[in-house]
Amino acid sequence: MTIESTFKDYKPAMSDQQAYAEANRCLYCSDAPCINACPTEINIPEFIRKISTKNIKGSAKTIFDSNILGMSCARVCPVEVLCVGACVYNNLKSPPIQIGQLQRYATDQAFAQGWKFFEAGPSTHKKIALIGAGPASLAAAHQLRRYGHECTIFDYKQTLGGLNTTGIAPYKMKSDRAMEEVDWILSIGGIEIKTGIEVGKDISIEEIEKEYDAVFLGFGLGLDSRLGIQGEKLPQVSGAVAWIEKMKAHQYTAQDIAQIKHAVVIGGGNTALDAVRELKGLGVTEVTLVYRRNEDKMSGYAHEWKAAKIEGVKSDFQSLPLRFIENEQGHLKAVECISLDEKLAPIDGSQHQIPADLVLLAVGQGKSEALIQSLGLTHNKGVLQTDAQGKCSREGYYAGGDCANGGKEVVNASAEGKRAAQAINDWLNQGHSLKASH
Ligand code: SF4
C-alpha cells in the first residue's frame, strides 16, 4: 500500500443519476458568469446541457476543447472561488451547480473509454522548445501540435507534469492520475520529451536558439524558501513542497509517518493549508499552523482553512518562529515562537514552544532568477514579465504558468500555455523565427 492510497477522495465522484439530476438543475444562463470565472473559459452551460441529454462524449469534447487539462482541473480547481462561486444559484440562496463534479464526471468517462478528440495538424516543420514539463508547457505543446508544429519539452527533473504530479494534495488527485493525464496529452504524438536536461547547463541557450524557431518558458517556481533561523538545518525541518513531493513519490514509509506525532506548518497560503490537511489525513495526531498575521489575512482559501479546522488542525496566529529546538539525540523537539501584536511587533515575554517532530516551511518558493537573467528577459523579482498573450521581453520567447504569474492554479497555467501557443503560432505565421538571428 502506498502512502498516497491512505487518502480517499474528499469529493467522491458522482453516479450517473447524480450527474444527470445535477445537470438538469442548471439554468443554462445565456451570459453565464461561470464561464467568465473560468480562466480557460470552458463553455460550462454547454457541457452541462450535453450531460443532461446523456451526450457525455460531446460534453467531454466541449471541456477539452478549452482546457486539455480538464480532467485534473475538475479535481484540483478551487471551484468555490471560480466557476461554482460565480454560479447564479448563489444569489438565489440555492446550492450552486456542482460544476467541478460534473466536469469530473464527463472527463473521467473520456479517460475510461479512451475517447480521442484531437489530432496533430499537418507538419509546418517549425520547432518549439518548451522549458519545464508542467501544466503550462503541456497545454502549450498540445495546442502547438494541433497547429502542426514540432515540440520538445525539456525538464531538469525526470518526472513529467510538474506540480500537478508532485504537489497536489492526494485527497484531490494522486500522482498516477496526473501521469495518466500526461500520457493522454502526449498521445497527440510529436512531442519529444527530454527529461534530466537542465537548460543553461546541459544544453545552452545558443544551442536551443539555433535549433528551435521559438521558446516557451513554463519552468514554474524554485525551491521552498527558508526562514534563516537557528536549527533550520535539522533533517526534521523541510520545505513543504519538497516534503509533499517525497510523500507523493512514496519516499516515506507508513512507519516514517507513524512516528510523527506533532507537526507544525509555517505559513498562511494554500501550500500551508494543503500541508496541514495532508498531515491530518495521514493520521498525525497534532498539527499546528503557525502564521505571523491573523486568520483574516491568510492568503490561502477560506474554504480550505475552514475544512482544516473541522479536521482538527490547531493554529498559532500572529506568531513568529524564532528557532527550532533539538533534543539530546539531535532530533527536532519543538519550535520556539514569539507572539506579535496588531502591528506585527514582538510582544515581550510572549515566547512559547510548540512540540514538533516535523516542521514544514510553506513561506513561498524561490524563483529561477539565474536562468531568467541568462536569457536576458525582463522580470519582477524573478517573475517573468509578459504581455497578455504570454510574450516575453525578447522576440521569440513566450511564457506561462507559475514562472510568469508568480504561482497560481493549474487552470491558470493551462489557460496561459494555450494562449501563448496561439501567440507563437501567429508569430511563426508572420515569418519570424529565432533561428534567423543565428
Ligand atoms: Fe448553470 Fe450556474 Fe453556470 Fe448558470 S451560472 S449556466 S446555473 S452553472
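Up top you'll find the structure we're talking about.
Quick caveat: nothing in here was measured; it's all calculated off a predicted structure.

## Thoughts on the site of the ligand
Neighbouring residues of the ligand: Cys26, Leu27, Tyr28, Cys29, Pro33, Cys34, Pro45, Cys87, Val88, Ile97 and Ile99. Within the shell around the ligand, the residues separate by chemical class into eleven nonpolar, no polar and no charged.

## Brief notes about the sheet that holds strand S2 (residues 150-155)
With parallel pairing, the five strands of this open sheet are ordered in space as S3-S2-S1-S4-S15. The sheet terminates laterally at strand S3 (191-195) and strand S15 (397-399), the two strands that pair on one side only. Each adjacent strand pair in this sheet contributes to an overall mean axis angle of 20°, direction not counted. Note: strand S1 (residues 127-131) against strand S4 (residues 214-217), four bridges, orientation parallel. Across the sheet, Ala129 pairs through a bridge with Val215, a residue of S4.

## Thoughts on the packing of helix H1 (residues 16-23) against helix H3 (residues 44-52)
The N-to-C vectors of H1 and H3 enclose an angle of 125°; their axes lie 8 Å apart at closest approach. It follows from the interaxial angle that H1 and H3 lie oblique. For the crossing formed where H1 meets H3, the hand is left-handed. Facing H1, whose interface residues are Ala19, Tyr20 and Ala23, H3 presents Ile48, Ile51 and Ser52. Tallied by class, residues from the contact of H1 with H3 come to five nonpolar, one polar and no charged.

## Focus on the sheet that holds strand S6 (residues 262-266)
The strand order across the open sheet built from five strands is S5-S12-S6-S7-S8, with neighbouring strands paired in parallel fashion. The open sheet has two free edges, formed respectively by strand S5 (237-239) and strand S8 (314-317), since each of these has just one partner strand. Direction aside, the axes of adjacent strands within the sheet are offset by 20° on average. Where S5 meets strand S12 (residues 358-361), three bridges bridge the pair, whose relative direction is parallel. Bridge pairing links Gly239 to Leu361 in S12. Contacting S6, strand S7 (286-291) and S12, helix H14 (residues 270-281) runs over the sheet at an angle of about 170° to S7.

## A short note on the pairing of strand S9 (residues 319-326)
Where S9 meets strand S10 (residues 332-339), seven bridges bridge the pair, whose relative direction is antiparallel. Among the inter-strand pairings, Arg323 is bridged to a residue of S10, identified as Glu336. Taking the residues between adjacent antiparallel strands as the criterion, S9 and S10 are bridged by five residues, where Gly330 takes a positive phi near 80°.

## Some remarks on helix H10 (residues 175-186)
Taking 1.5 Å as the rise per residue, H10 with twelve residues should run 16 Å; its terminal C-alpha atoms sit 17 Å apart, in good agreement. For H10, the set of buried residues is Ser175, Arg177, Ala178, Glu181, Val182, Trp184, Ile185 and Leu186.

## Re the packing of aromatic side chains
Under the defined criterion, the tally for this structure stands at twelve aromatic pairs. The positively charged end of Arg25 is found above the aromatic ring belonging to Tyr89, 4.6 Å away from the centroid. Lying over the aromatic face of Tyr212, Lys127 brings its terminal NZ or CZ to 5.1 Å of the ring centre.

## Observations regarding the pattern of salt bridges
Applying the stated criterion across every chain yields a total of 25 salt bridges. Among the ionic pairs, Lys127 bridges to Glu211, the shortest N-O distance being 2.9 Å. You can see Lys127 sitting in strand S1 and its partner Glu211 sitting in helix H11 (residues 205-211), a full 84 residues away along the chain. Residue Lys314 is joined to Glu286 by a salt bridge in which the shortest nitrogen-to-oxygen separation is 3.3 Å. In this pair, Lys314 is assigned in strand S8 and Glu286 in strand S7, connecting sequence segments 28 residues apart. By relative accessible area, Lys314 is classed as partly exposed at 42%.

## Points about the environment of Met173
Tracing the chain through its elements places Met173 in the loop between helix H9 (163-166) and H10. Here Met173 is in contact with Glu4, Ser72, Arg75, Val76, Asn164, Ile168, Ala178 and Lys248, once residues within four sequence places are set aside.

## Some thoughts on the packing of helix H4 (residues 56-66) against helix H7 (residues 99-113)
Following both chains from N to C, one finds H4 and H7 inclined at 105°, their axes separated by 9 Å at the closest point. When the axes of H4 and H7 are compared, the pair comes out roughly perpendicular. Along the contact surface, H4 presents Ile56, Ser59, Ala60, Ile63 and Phe64, while H7 presents Gln103, Tyr105, Ala106, Thr107, Gln109, Ala110 and Phe111. Classifying every residue of the contact of H4 with H7 gives eight nonpolar, four polar and no charged.

## Considerations on the pairing of S1
Burial analysis of S1 places four of its five residues in the buried class, the great majority of the element. Handedness of the β-α-β unit built from S1, helix H8 (residues 135-146) and S2 comes out right-handed.

## A look at unusual backbone geometry
The backbone of Lys54 shows a phi angle near 60°, a positive value even though the residue is not glycine. Secondary-structure assignment places Lys54 in the loop between H3 and H4. A positive phi angle, near 60°, is found at Lys93, a position not held by glycine. Given the relative accessible area of 79%, Lys93 is considered exposed.

## What to know about the nonpolar core
Note that soluble globular proteins tend to have their nonpolar side chains buried in a common cluster. By size, the foremost hydrophobic cluster in this structure holds 73 residues, and its most contacted members are Ile44, Phe47, Ile48, Ile51, Phe64, Ile99 and Leu130. For this core, the leading source of residues is helix H18 (residues 410-429), giving nine residues. Filtering out sequence-adjacent residues up to four positions away, Ile48 remains in contact with Ala23, Cys26, Tyr28, Ile97, Ile99 and Leu102.

Cut-offs applied
- Residues numbered from 1 in each chain as written.
- Predicted model: local features only at pLDDT ≥ 70, side-chain atom pairs only at ≥ 80, totals over all residues.
- Heavy atoms only, no water.
- Near = heavy atom within 4 Å.
- Nonpolar A, V, L, I, M, F, W, Y, C, P; charged D, E, K, R; others polar.
- Pairing = 2+ DSSP bridges.
- Helix = DSSP H or I, 4+ residues; strand = E, 2+ residues; numbered from the N terminus.
- Axes fitted to C-alpha atoms, helices over the stretch in contact; angles between N-to-C directions.
- Parallel < 35°, antiparallel > 145°, perpendicular 65-115°, else oblique.
- Left-handed = near helix turned anticlockwise from the far one by under 90°.
- Contact = heavy atoms within 4.5 Å.
- Expected span 1.5 Å × (residues − 1).
- Buried < 20%, exposed > 50% of the residue type's maximum accessible area, 1.4 Å probe, protein only.
- Phe/Tyr/Trp six-rings, centres within 6.5 Å; stacked < 30°, edge-to-face > 60°.
- Lys NZ or Arg CZ within 6 Å of the ring centre and 35° of its normal.
- Salt bridge = Lys/Arg side-chain N within 4 Å of Asp/Glu carboxyl O.
- Right-handed = clockwise from strand over helix to strand, strands pointing away.
- Core = buried A, V, L, I, M, F, W, Y, C linked by side-chain atoms within 4.5 Å.

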